[in-house]
Amino acid sequence: MTGPTETAALATRVRALLEAHWDPARGYCVPNPSTYPHLWLWDSCFHAVIWAHLGDDRAVTELTAVLDGQLAGGLVPHMRYGPEPPDAWLGPLPTSSSLTQPPMFGHAARVLAAHGLTVGPDVLERARRGLDWLWEHRRAPDGLLYIVHPWEAGNDHSPRWDDWGAPGRTAADYDRAARSAWNAARVHDLAFAADGAATWSSSFVVEPAAFNAYVAFNLAELADVLDDDELAGRARELAEASDRLLWDGESALWADLPVVGGGPSARIPISDGVMGALVTGNAGKAHAALDQLTRPDRFGAPAGPANVARRHPSYDPGMYWRGAAWPHLNYLLHLALRRWGRDDEASALAARTREISAASGWAEYWHAETGAPLGAVPQSWTGLALAMDER
Ligand code: GLC
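Treat the numbers as computed from the prediction; the structure is a model and nothing was measured.

Asks: Honestly, the packing of helix α11 (residues 327-339) against helix α12 (residues 343-359) in this entry has me stumped. Any pointers?
Replies: A pair of packed helices can be characterised by two numbers: the angle between their axes and the separation between those axes. With their axes 8 Å apart at the nearest point, α11 and α12 run at an angle of 160 degrees to one another. It follows from the interaxial angle that α11 and α12 lie roughly antiparallel. When the axes of α11 and α12 are compared, the crossing they make is left-handed. Residue-level inspection shows Asn330, Leu333, His334, Leu337 and Arg338 of α11 in contact with α12, the latter providing Asp343, Glu345, Ala346, Ser347, Leu349, Ala350 and Thr353. The residue inventory of the contact of α11 with α12, partitioned by class, reads five nonpolar, four polar and three charged.

Spelled out as structure tokens, the structure:
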């Protein structure tokens, strides 16, 4: 159990982390100044959550910066560009990408409200329009939402995308550079609306379990802030559609459903398949999925949860989105554990995340078996350790 002194020390370190990455002219933190010198949608929503826990009203500034990039029709871009354009072509727009990302602005708005920070009605309205856009433009006839590029899911190199032709299937033949090039090439398969929003892809369309859970979760969170029954109803509808269409009884996880391309890899057991526990009303499904976070034959690695089940051939505990542990996923899984009253596990996950986050120098992600730091160091979202309470 962390006492008040330790929490104060942690807050001091997290504040220094965010301060170092804060761009006052643009009003947001970069995830990392050299690896990620732009605004990313879900990163900045997580930064807003961290600022709120620090009692700093830059929480409001950063959430506003996310929604300031909103396109005319309502899509909230997954990236707004910093001073230099990005390396890859991300669509026809000069200052932002045409893709989106998990819309964590609903959750951020709720956390800010809970911390007594005032988010203006215009910003909340933009958040609602962002969720409306997904509902109106990315909902398939089966009632689930789809994405048109792997980057929209947040987990860019997931083994679940393997059957879409991405190079590298197992830990032994995986090649990160080839994989990144494959991802970048997929942008050329997109169709765009008049405002620049990506609407469809000729090669990659999928209804991901985690993305659907994240949207339902953010609908419910924003519904709470706005006291909006329509949004709350959509959240329930989406959670029910996920339970009906995505639940995979064999793995006891929510699986992804391919729409264009893909194959059985969409069911590879990854911890994203637990995220339905954030929103489902079905206790049996939630507990069956959450049980696997600590099971050693599933995601229960020493520095885990691992992002890929440990016995699966594609498991690579040190590889980007192929099995490593991610602090922002830990934060979300911690919320799911709390939601289902699994307080001991939630507190244990919070304690472990706090410990490894600090020991790793605030690494973007870490080796699921050893906790060794990986990716960009330091990374802003790792400050979420502060937002994971140990009760
Ligand atoms: C990587 C991650 C993505 C994140 C971005 C910035 O692309 O896959 O989820 O938003 O980095 O941190």
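Asks: Would you explain the site of the ligand in this entry?
Replies: Taken together, Pro31, Tyr36, Trp40, Trp42, Asp43, Gln101, Gly154, Asp156, Tyr320, Trp321, Gln379 and Trp381 form the complete shell of residues around the ligand. Within the side chain of Asp43, an N or O atom sits 2.6 Å from an oxygen atom of the ligand. Starting from 300 Å² of accessible surface for the ligand in isolation, the protein chains cover 96%. Considering only residue class, the shell around the ligand consists of seven nonpolar, three polar and two charged.

Asks: Looking at this structure, how should I read the nonpolar core?
Replies: Within soluble globular proteins, side chains that are nonpolar generally end up buried alongside one another. In this structure, Leu63, Phe105, Leu112, Tyr214, Met275 and Tyr331 are the most contacted members of the largest nonpolar core, which totals 124 residues. Counting residues per element, this core draws most heavily on helix α8 (residues 209-226), at eleven residues. Those residues in contact with Tyr214 that lie beyond four places of it in its chain are Trp42, Pro102, Met104, Ala153, Asp272, Met275, Leu278, Leu329 and Leu332. By size, the runner-up hydrophobic cluster in this structure holds eleven residues, among which are Ile270, Ala301, Ala303 and Ile356.

Asks: In this structure, what is going on with the state of the cysteines? I would like to understand it.
Replies: Covalent bonding between the sulfur atoms of two cysteines is what defines a disulfide. In total, this model carries zero disulfides according to the counting rule given. Of all cysteine sulfurs in the structure, the one in Cys45 sits closest to Cys29, which takes part in no disulfide; the separation is 13 Å. A residue is classified by how much of its surface remains accessible, and Cys45, at 1% relative accessible area, is buried.

Asks: Any chance you could explain the pattern of salt bridges here in plain terms?
Replies: Once their charged atoms are close, side chains differing in charge can pair, the charge on each being opposite to the other. Applying the stated criterion to the full structure yields 26 salt bridges. The salt bridge partner of Glu221 is Arg110, with a shortest N-O separation of 2.9 Å. Of this pair, Glu221 sits in helix α8 while Arg110 sits in helix α4 (residues 105-114); the two residues are 111 residues apart in sequence, bridging distant segments of the chain. With a relative accessible area of 11%, Glu221 lands in the buried category. Residues Asp189 and Arg186 are paired through a salt bridge, measuring 2.9 Å at the closest nitrogen-oxygen approach. Taking relative accessible area as the criterion, Asp189 reaches 21% and is therefore assigned partly exposed.

Asks: Just checking my understanding: could you explain the environment of Gly304 for this structure?
Replies: Mapped onto the elements, Gly304 comes out in the loop between α10 (283-290) and α11. The buried category is assigned to Gly304, whose relative accessible area is 2%. Once the C-alpha coordinates of Gly304 and Thr382 are considered, the two residues, 78 residues apart in sequence, prove to be 15 Å apart. When residues no more than four places from it in sequence are discounted, the contact partners of Gly304 are Phe299, Ala325, Asn330, Leu349, Arg352 and Ala368.

Asks: Is there a simple way to explain the pairing of strand β6 (residues 198-201) in this structure?
Replies: The side chains of a regular strand alternate between the sheet's two faces. Two elements, strand β5 (residues 190-192) and β6, share three bridges in a ladder whose sense is antiparallel. When the bridges of β6 are listed, Phe192 appears paired with Ala198. Linking β5 to β6, which pair antiparallel, is a turn of five residues; within it Gly196 sits at a positive phi near 100 degrees.

Asks: Mind showing me how you'd approach the packing of helix α3 (residues 58-68) against helix α5 (residues 121-137) here?
Replies: Closest axis-to-axis distance for the α3/α5 pair is 10 Å, and the angle between their directions is 45 degrees. What the angle tells us is that α3 and α5 run oblique. Classified by chirality, the crossing of α5 by α3 is left-handed. Only Val123, Arg126 and Ala127 of α5 make contact with α3, whose side of the interface consists of Leu63, Thr64, Leu67 and Asp68. Residues that form the contact of α3 with α5 fall into these classes: four nonpolar, one polar and two charged.

Asks: Even after reading the chapter, I still don't get helix α9 (residues 229-245), so can you show me in this structure?
Replies: One turn of an α-helix holds 3.6 residues; hence residues three or four places apart share an orientation. Between its terminal C-alpha atoms α9 stretches 24 Å, which fits the 24 Å expected from 17 residues at 1.5 Å a residue. Three or more residues of α9 are buried, namely Leu231, Arg234, Ala235, Leu238, Ala239, Ala241, Ser242 and Asp243. On the buried face of α9, the contacting elements are α5, α8, β8 (247-248), β9 (253-254) and α10. The N-capping residue of α9, defined by a side-chain oxygen 2.9 Å from the backbone nitrogen of Glu230, is Asp228.

Asks: Hey, could you run me through the side chain of His334 in this one?
Replies: On the secondary structure map, His334 appears in helix α11. Judged by its relative accessible area of 1%, His334 is buried. Discounting residues that sit within four places of it in the chain, His334 has contacts with Ala346, Leu349, Ala350, Ala387, Met388 and Asp389.

Asks: Looking at this structure, how should I read the UniProt feature "domain: Mannosylglycerate hydrolase MGH1-like glycoside hydrolase" (unreviewed entry) in the protein chain?
Replies: Under the present numbering, the feature "domain: Mannosylglycerate hydrolase MGH1-like glycoside hydrolase" (unreviewed entry) in UniProt falls on residues 36-382. As annotated, residues 36-382 has a helix share of 40% and a strand share of 7%, and its two end C-alpha atoms lie 14 Å apart.

Asks: I tried to follow helix α1 (residues 4-21) on my own but got confused; where do I start?
Replies: Across its 18 residues, α1 extends 26 Å between first and last C-alpha, which sits within 8% of the 26 Å expected from 1.5 Å per residue. Considered for burial, the residues of α1 that qualify are Leu10, Val14, Leu17, Leu18 and His21. The arc that holds every buried residue of α1, seen down its axis, measures 90 degrees, which confines them to one face. Those residues of α1 that are exposed and angled more than 90 degrees off the buried face are Pro4, Thr5, Thr12 and Ala20. Where α1 is buried, its residues touch β1 (22-23), β2 (28-29), α2 (41-53) and α12.

What counts, and at which threshold
- Residues numbered from 1 in each chain as written.
- Predicted model: local features only at pLDDT ≥ 70, side-chain atom pairs only at ≥ 80, totals over all residues.
- Heavy atoms only, no water.
- Axes fitted to C-alpha atoms, helices over the stretch in contact; angles between N-to-C directions.
- Helix = DSSP H or I, 4+ residues; strand = E, 2+ residues; numbered from the N terminus.
- Parallel < 35°, antiparallel > 145°, perpendicular 65-115°, else oblique.
- Left-handed = near helix turned anticlockwise from the far one by under 90°.
- Contact = heavy atoms within 4.5 Å.
- Nonpolar A, V, L, I, M, F, W, Y, C, P; charged D, E, K, R; others polar.
- Near = heavy atom within 4 Å.
- Polar contact = N/O pair within 3.5 Å; in protein donor to acceptor, adjacent residues only side chain to side chain.
- Areas by Shrake-Rupley, 256 points an atom, 1.4 Å probe, with all protein chains shown as cover.
- Core = buried A, V, L, I, M, F, W, Y, C linked by side-chain atoms within 4.5 Å.
- Buried < 20%, exposed > 50% of the residue type's maximum accessible area, 1.4 Å probe, protein only.
- Disulfide = S-S within 2.5 Å.
- Salt bridge = Lys/Arg side-chain N within 4 Å of Asp/Glu carboxyl O.
- Pairing = 2+ DSSP bridges.
- Expected span 1.5 Å × (residues − 1).
- UniProt positions renumbered as here; feature names shortened; annotations may be inferred.
- Arc of directions from axis to C-beta.

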